[in-house]
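# Residue-level structure breakdown
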Amino acid sequence: MKSKTSFFNKFLYLKNLTRFWPLWALPAFVMALFPIVSLLNYGRYNDIMVAGKWRMEKDLLEVINVAMPITQFIFAFLVAMAVWGYLFNNSSVNLFHAIPVSRTSLFVTNYLSGLTIMLIPFGTMGFFGLIKAIVLKSVSWRLVLEGIWYPLAITVIFFSIATLTAMLTGHMVVLPILYNLLSFLSLIIFSVIQTYARGFLWGIDRYFESELFTAFSPVVYLAGECRVISDEVEQYAYLKPTGIYVIYFFAGLAVTAFAFLIYRKRKSELAREVIAADSFKKVLFYLFAVVFSLTLGLGFYSIFDAIVSRNTSMFSLGAIIACIFISAAIVYYGLTMIVNKSFKVFCKKNFYSYLILSGALVFLMILFKVDVLGIEKKIPESKDIDSVWLHCKYNYGIDASEIEAVNDVLDIHKMILENEDEIRATETGNIRPDFTGNILIEYTLKSGRTLTREYNIPVFLANTDEDSVANKLNEVVNRKELMMILLDGEEGFYPESANVNVWSADYYYDGSYYDSVKLIFAGNVGLKTESKE
């Protein structure tokens, strides 16, 4: 008689739930208190509280949006350490893999039991919340579906990442460390790239967030980017963006499938190894070696920069290369010791590998320095610009100035790049300007993307060239349209005869100077400038 293949083991599933009952029982008790206490308070203060379906929905979504990302993120690796704990001990893993249960059945059963443990606390809260909604006559199908869908999607993505981490490592202590690294890796990489770009590329002087890189860190995206949108008058409430939960749900399933493929090929004898997935050992090793070396290199360079007290924020290529060599040596040999669990790592083979790693990182620094992608010189074409902002941050209080035409901003931007050597020479201390003015140019392109550049422009008040960037900026901000905005509402002032000197503490009107700080309060200074074809 042909044997039947089973993908689920009921005995193991129930065993996990009873064995690890403290993981779900205590949180379930705490979570159940919230709707119960809320219902009791409503009965006590029903004369001043207003029930409604939309309010119940808003309360539910607030809990999901605020509490679930952080709690499920932490809960995921704790549950993973429990249900996958047998993989980290030689005797346990051999015992589990010797019983007449297929690896497919083991994986599916443990994964589903882990999901169940994570969902029971919120399921308990949802059950009592439903009772509260019934008592208050505020129950709706939308409320029920949202109470099921959002917790499920959030739980799937976090527990799937934790499961993948458990498949990659054979050591329980490494699991939470690797889990956190994988969860925040995209943001770490983006931050490192930005820091080196700011150090080597002129005009890239600000940190910006990337929605794409943030999306690869679910806990950060869900906790920081998602919002509950509600309106008491219209009586609606919903989570925005809703599509990200669908993406994370299916991404979690894909991660789970990937983890299953690793589990099927995983060798039992690799328990207690730092990296138990042979196929990915080198990939993970060099991925973290590159990221940690670049990060530590920045730390060493900041120490160097503090000691030398250089007058420029731009990186010195020679100094950064030296820092990279040092940091790469520490990281490479340190990771090798951890992976091999031995201090005997100083051999010719490892030395050559270290040289390849450090050489690749030095080559990357050279690519940054020569600006191989042409980022420094990039200026958008007028036809591609939807709008542009020109922010002028001065030493004396003017925060921003509105301009009329995009072409004026493009001219200023081109002048800055054409005079790069002269402008940057003031940073070395060989040429001392009277002071510097900060200019921030922010383009919004018709494609929806933004391009931002920031420069410090030297100003010589004693002898200012009529064709200088400083004078060009003065001409732009003294347009009649700008003055109408800056001086609107100022008693006794008429824009037609007013004049602003963006490089001094004063603006001029009718033969007298006035404190330019007043311009901050004169109107909205930093209005959108529309592109004119």
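Cut-offs applied
Residues numbered from 1 in each chain as written. Predicted model: local features only at pLDDT ≥ 70, side-chain atom pairs only at ≥ 80, totals over all residues. Heavy atoms only, no water. Helix = DSSP H or I, 4+ residues; strand = E, 2+ residues; numbered from the N terminus. Contact = heavy atoms within 4.5 Å. Areas by Shrake-Rupley, 256 points an atom, 1.4 Å probe, with all protein chains shown as cover. Core = buried A, V, L, I, M, F, W, Y, C linked by side-chain atoms within 4.5 Å. Buried < 20%, exposed > 50% of the residue type's maximum accessible area, 1.4 Å probe, protein only. Expected span 1.5 Å × (residues − 1). Phe/Tyr/Trp six-rings, centres within 6.5 Å; stacked < 30°, edge-to-face > 60°. 1 Å grid on protein atoms, 1.4 Å probe; cavity = no way out; pocket = protein on both sides within 12 Å on 5 of 7 lines; lining within 4 Å. Points joined across faces, edges and corners; volume = space filled by probe spheres on them. Nonpolar A, V, L, I, M, F, W, Y, C, P; charged D, E, K, R; others polar.

### Brief notes about the overall build of the protein
Each helix and strand in the protein was counted, giving 18 helices and nine strands. In the protein, the share of contacts with a sequence separation of at least 24, taken over all contacts with a separation of at least 6, comes to 74%. Carbon and sulfur atoms provide 62% of the accessible area of the protein, an area that totals close to 27800 Å².

### Some thoughts on the nonpolar core
Side chains that are nonpolar tend, in soluble globular proteins, to be buried together. Judged by nonpolar contacts, the single largest core of 107 residues is most densely connected at Trp84, Phe158, Phe159, Met167, Tyr196 and Tyr245. Residue contributions to this core peak at 14 residues, all from helix α7 (residues 141-168). Apart from the residues lying within four places of it in its own chain, the contact partners of Met167 are Trp84, Leu87, Phe107, Ala259, Ile262, Tyr263, Arg266, Ala276 and Ala277. One finds Met314, Val388, Ile412 and Ile416 within the second-largest nonpolar core, a separate group that totals 18 residues.

### A closer look at unusual backbone geometry
Positive phi is not limited to glycine here, since Arg272 has a value of about 75°. Tracing the chain through its elements places Arg272 in the loop between α11 (243-265) and α12 (281-308). We note that Asp371 has phi near 55°; this positive angle belongs to a residue other than glycine. Here Asp371 is to be found in the loop between α14 (348-370) and β3 (385-393). For Asp371, a relative accessible area of 12% puts it in the buried group.

### Here we look at helix α4 (residues 68-83)
Its 16 residues give α4 an end-to-end C-alpha distance of 21 Å, which sits within 8% of 22 Å, the value for a rise of 1.5 Å per residue. Judged by how many residues are buried, α4 sits mostly within the fold: 12 of 16 residues are covered.

### What about the packing of aromatic side chains?
Going through the model one piece at a time under the given rule, you end up with 35 aromatic pairs. Judged by centre distance (6.3 Å) and plane angle (50°), the ring pair of Phe351 and Tyr352 falls under tilted. We classify Tyr352 as partly exposed; its relative accessible area is 47%. Of the aromatic side chains, those joined through ring pairs into one cluster are Trp84, Tyr86, Phe96, Phe107, Tyr111, Phe159, Phe260 and Tyr263.

### Describing the layout of surface pockets
In this model, the largest pocket occupies a volume close to 950 Å³. Listing elements by their share of the lining of the largest pocket, those giving two or more residues are α8 (174-200), α9 (211-215), α14, β4 (435-445) and β5 (450-459). For the lining of the largest pocket, a count of residues per class yields 16 nonpolar, five polar and eight charged.

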